[in-house]
Amino acid sequence: MATNVSIEYANAEKKYHDAKTPEDKLTALLEMRSTVPSHKGCEAMRREISKKIAELKSTIERQKNAVAKKGSSSASMYVKKEGVGQVVLIGGPNVGKSFILNKLVGKDIAQVTPYPFATTEPVPAMMDYDGASVQLVELPAIIEGSSEGKAQGKEIIGMVRNADAVVIVASSKEEGKVIVDELAKSNVYLNKTKPPIDVKSSSFPGIQISGKEYLKFGVEQLEQYLKNTGYSNSNVIITGTINSLSEVAQALNERIVYKKAIAINSWEYSEHKAVDWKCQIFLLLDAILVYTKKPNQTLEQTEPLSLPKGSTVFDVAKHLHKDFASKLKFARVWGSTKFDGQRVGPEYELKNKDIIEINI
Ligand SMILES: Nc1nc2c(ncn2[C@@H]2O[C@H](COP(=O)(O)OP(=O)(O)OP(=O)(O)O)[C@@H](O)[C@H]2O)c(=O)[nH]1
Ligand SMILES: [Mg+2]
């Protein structure tokens, strides 16, 4: 505090330092400015206070805008991914999503209630699968109209779009269909794959098509369609049956995402069934678990590494240490090999639950 200021100014300055919110700080600063001595020697002080007032006003404004945006934005629900992958639990209201989440993770994390719409925010929890952790996230209920934004629908479906896989909780086929349809309307397709046609704009004139034999309709129709949609100069590769132009439209639609999914009926729950569901959920992630051991160590299982399906011995070495990959001589594998502890090279493709010993 400057020595030649009034008691009022000193009080206002104390209020400023004690203030907890930007609004309270702003009130105190305004008070400071009105009580700062008017003589020339305090001009720099006044300027400094005015500068802080302007900064604080814009901070408050920004915060207000952020809050307003949060209420309307489709990106306001977010759960950071952890573990092997993020799997969302979705379904209609009161179908047992919270009940199933708690059973799968073995803890009472989500609130199970006899009334609908009790879950209003995503509820993340980690599920153990043979020593690896899979992130499950219960999402608030999806209903007819969610795709148009009803009941936070856009935010909820935004979470599904971002997830690695999906579990639909439903007690009947009809209930499940409502969910599948709402997602499809939002360009989230479950258990479907992109139609096998790839179209890329090209710098050469005309449309080059390979795999015409897979087309179940006239090639001229396809060419006309591509011209109409801005692909007059393009390279087209067809690798499987294409039945209709709507499949071509689907393949060209970059907003569509494809997710693997399973459906669970919470009323079929039993401890035995839950073991099966956990396994099915893990399979959705297209991952393998690999246990690593050092040479001469016993085969005791430690925390597994999770890797994408198709990973090789070389990938494991690279994952363990950046030097390992270049120094790798060979590995021994227990599990998928013909013999226990069989010697394999860097290109050997590992299978789920293999035990691997890297030799450098
Ligand atoms: N005993 C038993 N009760 C179940 C089962 N599945 C659902 N319930 C009951 O169904 C009601 C709804 O369960 P919740 O898990 O809260 O449902 P939800 O889908 O999470 O519902 P909201 O998030 O509120 O939309 C609760 O009263 C549960 O006890 C089940 O398999 N066994
Ligand atoms: Mg719930």
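Position numbers for residues start from 1 in each chain and track the written sequence from start to end. For this description, chains carry letters from A and ligands carry numbers from 1, given in the order in which they are written. Confidence filtering applies because this is a predicted model: local features only for residues at pLDDT of at least 70, side-chain atom pairs given and counted only at 80 or more, and all residues used for totals across whole chains, interfaces and linings. Where side-chain values are given, they derive from all heavy atoms of the structure, hydrogens and water being excluded.

Labelled according to an unreviewed UniProt entry, the chain appears under the name TGS domain-containing protein, originating from Candidatus Iainarchaeum sp.

Chemist: Go over the site of ligand 1 with me, naming the residues and quoting the values.
Modeler: Around ligand 1 sit 20 residues in total, of which Lys97, Ser98, Phe99, Ala118 and Ser266 are the nearest. Residues adjacent in sequence count toward polar contacts only when both atoms are side-chain atoms; beyond that, a polar contact is any pair of N or O atoms within 3.5 Å, and within protein one must be able to donate a hydrogen and the other to accept it. Within the side chain of Lys97, a nitrogen or oxygen atom sits 2.8 Å from an oxygen atom of ligand 1. Here Ser98 contributes a side-chain N or O atom positioned 2.9 Å from an oxygen atom of ligand 1. Considered on its own, ligand 1 offers 650 Å² of accessible surface; in the complex 82% of this is hidden by protein. Cavity: a set of points on a 1 Å grid over the protein atoms alone where a 1.4 Å probe fits but cannot get out. Pocket: an open set with protein on both sides within 12 Å along at least five of seven lines, its lining residues, like those of a cavity, having an atom within 4 Å of a point. Assignment to a cavity or pocket requires that more than half of a molecule's atoms be within 2 Å of the site's grid points. Its atoms largely coinciding with the cavity grid, ligand 1 occupies the largest pocket. Put simply, DSSP H or I for four residues or longer makes a helix, DSSP E for two residues or longer makes a strand, and each gets a number counted from the N terminus. Top element by residues in the shell around ligand 1 is helix H4 (residues 97-105). It accounts for three residues. Put simply, Ala, Val, Leu, Ile, Met, Phe, Trp, Tyr, Cys and Pro go in the nonpolar bin, Asp, Glu, Lys and Arg in the charged bin, and everything else, Gly too, in the polar bin. Here the residues of the shell around ligand 1 are counted per class, giving eleven nonpolar, seven polar and two charged. In this text, near means that some heavy atom of the residue lies within 4 Å of the molecule or strand in question. The Shrake-Rupley method, run with a 1.4 Å probe sphere, supplies the accessible areas, and residue values consider only the shown protein chains as cover.

Chemist: Break down helix H2 (residues 22-35) for me, citing the residues and quoting the values.
Modeler: Along its 14 residues, H2 runs 20 Å from first to last C-alpha, staying within 8% of the 20 Å computed at 1.5 Å per residue. Exposed residues in this analysis have more than 50% of their type's maximum accessible area, buried residues have under 20%, and partly exposed residues fall in between, with area computed by a 1.4 Å probe over protein chains only. Looking only at H2, the buried set comprises Leu26, Ala28, Leu29 and Met32. Looking down the long axis of H2, one finds its buried residues gathered within 165° of arc, a one-sided arrangement. One less than the number of residues in a helix, times 1.5 Å, gives the span that helix is expected to have. Throughout, the arc means that of the directions going from the helix axis to the C-beta atoms.

Chemist: Which residues make up H4, and what values go with them?
Modeler: In terms of burial, H4 is largely enclosed, as seven of its nine residues are buried. Of all the positions in H4, only Lys97, Ser98, Ile100, Leu101, Asn102, Leu104 and Val105 are classed as buried. Whether two residues are in contact is decided by their heavy atoms, any of which lying within 4.5 Å being enough. Tucked into the core, H4 has its buried residues touching strand S1 (86-91), strand S2 (123-129), strand S3 (132-138), strand S4 (165-169), strand S9 (257-264) and helix H9 (271-284). Where H4 terminates, the next one or two residues include Gly106, which has phi positive at roughly 75°.

Chemist: Tell me about the environment of Tyr78, and please be specific about residues and values.
Modeler: With respect to the secondary-structure elements, Tyr78 resides in the loop between helix H3 (43-72) and S1. Taking the C-alpha atoms as reference points, Tyr78 and Asp164, separated by 86 residues in sequence, lie 14 Å from one another.

Chemist: Could you give an account of the packing of helix H7 (residues 219-228) against helix H8 (residues 245-252), naming the residues involved and the relevant values?
Modeler: Where H7 meets H8, the closest approach of the two axes is 11 Å, and the angle between their N-to-C directions is 40°. Regarding the angle of H7 to H8, the classification is oblique. For the crossing formed where H7 meets H8, the hand is right-handed. Counting all contacts with H7, which are made through Gln221, Leu222, Tyr225 and Leu226, the residues of H8 involved are Leu245, Val248, Ala249 and Leu252. Here, axes are lines fitted to C-alpha atoms. For helices the fit covers the stretch in contact, and angles between N-to-C directions go from 0 to 180 degrees. With respect to orientation, any angle under 35 degrees is reported as roughly parallel, any angle over 145 as roughly antiparallel, any angle of 65 to 115 as roughly perpendicular, and every other angle as oblique. Crossings are classed by handedness, with left-handed meaning an anticlockwise turn of the near helix from the far one by less than a right angle and right-handed meaning a clockwise turn.

Chemist: Lay out the layout of surface pockets with the relevant residues and their values.
Modeler: If a probe as big as a water molecule is rolled over the atoms, it shows which places are left empty. Taken as a whole, the largest pocket holds about 290 Å³ of empty space. What lines the largest pocket is a set of 22 residues, and nearest its centre among them are Asn94, Val95, Gly96, Lys97 and Thr113. In the lining of the largest pocket, the residues fall into 13 nonpolar, seven polar and two charged. Grid points are joined across faces, edges and corners, and a volume is the space filled by probe spheres set on the points. Volume-wise, the second largest pocket comes out at about 220 Å³. Ile168, Gly176, Val180, Ile262 and Ala263 are the residues nearest the centre of the second largest pocket, which is lined by 15 residues in total.

Chemist: Give me the sheet that holds S2: which residues, what numbers.
Modeler: Taken in spatial order, the six strands of this open sheet run S2-S3-S1-S4-S9-S5, and their pairing is mixed. Only two strands of the sheet have a single neighbouring strand rather than two, namely S2 and strand S5 (188-190). Ignoring strand direction, the axes of neighbouring strands in this sheet form an average angle of 35°. Should DSSP find at least two bridges between two strands, the strands are taken to pair.

Chemist: Residues and numbers for the sheet that holds strand S7 (residues 207-210), please.
Modeler: Sheet architecture is open: three strands sit in the order S6-S8-S7, paired in mixed fashion. Sheet topology places strand S6 (197-201) and S7 at the edges, where each strand pairs with a single neighbour. This sheet shows a mean twist of 15° between the axes of neighbouring strands, independent of strand direction. Note: S7 against strand S8 (residues 234-238), four bridges, orientation parallel. If you follow Ile207 over to S8, its bridge partner there is Ser234.

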